[in-house]
Amino acid sequence: MLSQCLCQVYKCLFLRNLKLNSINVATLARRIHSSAKKLSDCELKEQTVQKGETKVLPQSTENNNFGRLHIPVMLEEVVNCLSPQRGQRFLDMTFGAGGHTTALLEKAGDITIYALDRDPTAYKIAQQLSESYPKQIQALLGQFSQSEALLISSGVEPGTLDGVLLDAGCSSMQFDTPERGFSLQKDGPLDMRMDSDRYPDMPTAADVVNALDQQALASILRTYGEERHAKKIASAIVQARSIYPITRTQQLASIVAGAFPASALYARKDLLQRPTHVATKTFQGLRIFVNDELHELLIGLKTAEKFLKPGGRLVALSFHSLEDRIIKRFLHGIDMTEKYNLGSRQKIRQALKNCSKKEDTEEFPSGKSNSKWMFIQKKVLTPQAKDIQTNPRGRSAKLRAAIKL
């Protein structure tokens, strides 16, 4: 549980920035996590993890099954956009169960892939896969913010990679492991840390819901979960924790559900028009906050740009609007803190329609673009119907691909 001092740091920093937009709140989350590290008794020396120094959690033989059972999202589109050629070097920044990496290795011979993941379970799978592809896979354990140091320690110089894949969000094996605390469908400890126990003093989702006040909780749910009933849910959480600590996933799901009429429990629909639990967005918001995902995503994109050679390819997959907005702005060279101008947005849409007949009528902020990228596809790619049928979890995926100029 968080100490009283750490709780005050969370409150002070978050309440000071309640009015910021989602991109700026990502910066706030970074400051909060940084403060938590300073208050920790443990010095987190793994910020620049070196070979042989990484801590790997004991894993069962079920690790071998994840790669076989996991269905990678938009596999064909990813491979086509990266277009691997013999002798090239790639970075898979979110290795997961290794589906994309395996497909790239099968597509082109004699390529090298640096397989990065912050999850010790994924790192173990990458190590196992490297045994099947000697000298072609190098497993790296760390966050996006640690990737530059990890690459350099592995002998990779900036401007030398031919392709980078970044698959944002949570992996299927994290959702499917109740002990990790990501899924509201399976009961487990309310954890949600993608790093698992690598940093035992870092706050869990349980720490957050039990330590922060109602206003801070509501802001997290509204900003990161895009939950329109954030205030009502935060109030229910605060009321429940005054009676007993909130420590389990289904406990939290029940608390959120209790804030709504029974008829509203599965009233929301996903993109396939299937009922979704009313606590889904609450879990998303807490997960993004706990793992500092938006700031990590931005750092990952900057690292990809730094290590790609001119002509190198970047493929980025996102699964909700917050991630996609960051990726879109980054590739267009738009300042992350720049706010939207509704008048200019409409003018841009009309110009795109009249001049280039571009079908992708997304919202672009006002101001000049300073893009360092050439887009491989004119519009964002989404999963095909057949892919959604075989892998419903990938239904909300958006793929953006570009070549570094």
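This report concerns the structure included in the present document. Predicted model only: the values in this text are computed from it and were never measured.

In terms of helices and strands, the chain carries 17 helices and nine strands. Expressed as a percentage of the 405 residues in the chain, the buried residues total 55%. For the chain, long-range pairs separated by at least 24 residues make up 72% of all intrachain contacts whose partners lie at least 6 apart in sequence. Within the structure as shown, the chain displays about 18,600 Å² of accessible surface, and the carbon and sulfur contribution to it stands at 50%.

Among the eleven residues in helix α13 (residues 280-290), nine count as buried, and that is most of the element. For α13, the set of buried residues is Thr-282, Phe-283, Gln-284, Gly-285, Leu-286, Arg-287, Ile-288, Phe-289 and Val-290. A positive backbone phi angle near 55° is found at Asp-292, which sits one or two residues after α13.

On to the environment of Leu-82. Residue placement: Leu-82 occurs in helix α4 (residues 75-82). Between the alpha carbons of Leu-82 and Ile-403 there is a distance of 9.4 Å; along the sequence they are 321 residues apart. If we ignore the near neighbours within four places in the chain, the residues touching Leu-82 are Phe-90, Leu-104, Gly-163, Val-164, Leu-165, Arg-313 and Val-315.

Take the sheet that holds strand β9 (residues 398-404) next. Here we have seven strands laid out as an open sheet, ordered β3-β2-β1-β4-β7-β9-β8, and mixed in their pairing. Of all strands in the sheet, those with a lone pairing partner are β3 (137-141) and β8 (373-375), marking the two edges. For this sheet, the mean inter-axis angle between neighbouring strands, taken without regard to orientation, is 20°. Sheet topology note: the strand β4 (residues 161-167)/strand β7 (residues 308-318) ladder contains six bridges and is parallel. Counterpart to Gly-163 in the pairing with β7 is Arg-313.

Time to look at the pairing of strand β2 (residues 112-117). Among the six residues that make up β2, five are buried, leaving the element largely enclosed by the rest of the structure. Bridge count for strand β1 (residues 89-92) against β2 is four bridges, and the pairing is parallel. Following the sheet pairing, Asp-92 is matched in β2 by Ala-115. Read as a crossover between parallel neighbours, the route from β1 over helix α5 (residues 99-107) to β2 is right-handed. Pairing geometry for β2 and β3, over five bridges, is parallel. Of the residues in β3, the one forming a bridge with Ile-113 is Ile-137. Crossover handedness for the path β2 to helix α6 (residues 120-132) to β3: right-handed.

Helix packing for two helices is described by the angle between their axes and how far apart those axes are. Put simply, helix α12 (residues 249-258) and α13 touch, their axes get as near as 10 Å, and they point 125° apart. One way to sum up the angle between α12 and α13 is to call them oblique. For the crossing formed where α12 meets α13, the hand is right-handed. Of the residues in α13, those touching α12 at Thr-249, Leu-252, Ala-253 and Val-256 are Thr-282, Phe-283 and Leu-286. In terms of residue class, the contact of α12 with α13 is built from five nonpolar, two polar and no charged.

Bringing unusual backbone geometry into the picture now. At Ser-196, a residue that is not glycine, the phi angle is positive and equals roughly 55°. Looking at where Ser-196 falls in the secondary structure, it is placed in the loop between α8 (172-175) and α9 (205-211).

On the secondary structure map, Gln-143 appears in the loop between β3 and α7 (147-153). For Gln-143, a relative accessible area of 8% puts it in the buried group. When residues no more than four places from it in sequence are discounted, the contact partners of Gln-143 are Leu-116, Arg-118, Asp-195, Tyr-199 and Glu-296.

Taken as a whole and judged by the stated rule, the model has three aromatic pairs. On the basis of an interplanar angle of 45° and a centroid distance of 5.9 Å, the ring pair of Tyr-224 and Phe-289 is categorised as tilted. Here Tyr-224 is found in helix α10 (residues 214-224), whereas its partner Phe-289 is found in helix α13, with 65 residues between them in sequence. Comparing Tyr-224 with Phe-289 shows no difference in burial state: the two are buried. Ring centres of Phe-330 and Trp-373 lie 6.2 Å apart, and the angle between their planes is 50°; on these two criteria the pair is classed as tilted. Placement of Phe-330 in helix α15 (residues 321-332) and of Trp-373 in strand β8 is noted, with a sequence separation of 43 residues between them. The burial state of Phe-330 is the same as that of Trp-373; both residues are buried.

Conventions and cut-offs
- Residues numbered from 1 in each chain as written.
- Predicted model: local features only at pLDDT ≥ 70, side-chain atom pairs only at ≥ 80, totals over all residues.
- Heavy atoms only, no water.
- Helix = DSSP H or I, 4+ residues; strand = E, 2+ residues; numbered from the N terminus.
- Buried < 20%, exposed > 50% of the residue type's maximum accessible area, 1.4 Å probe, protein only.
- Contact = heavy atoms within 4.5 Å.
- Areas by Shrake-Rupley, 256 points an atom, 1.4 Å probe, with all protein chains shown as cover.
- Pairing = 2+ DSSP bridges.
- Axes fitted to C-alpha atoms, helices over the stretch in contact; angles between N-to-C directions.
- Right-handed = clockwise from strand over helix to strand, strands pointing away.
- Parallel < 35°, antiparallel > 145°, perpendicular 65-115°, else oblique.
- Left-handed = near helix turned anticlockwise from the far one by under 90°.
- Nonpolar A, V, L, I, M, F, W, Y, C, P; charged D, E, K, R; others polar.
- Phe/Tyr/Trp six-rings, centres within 6.5 Å; stacked < 30°, edge-to-face > 60°.

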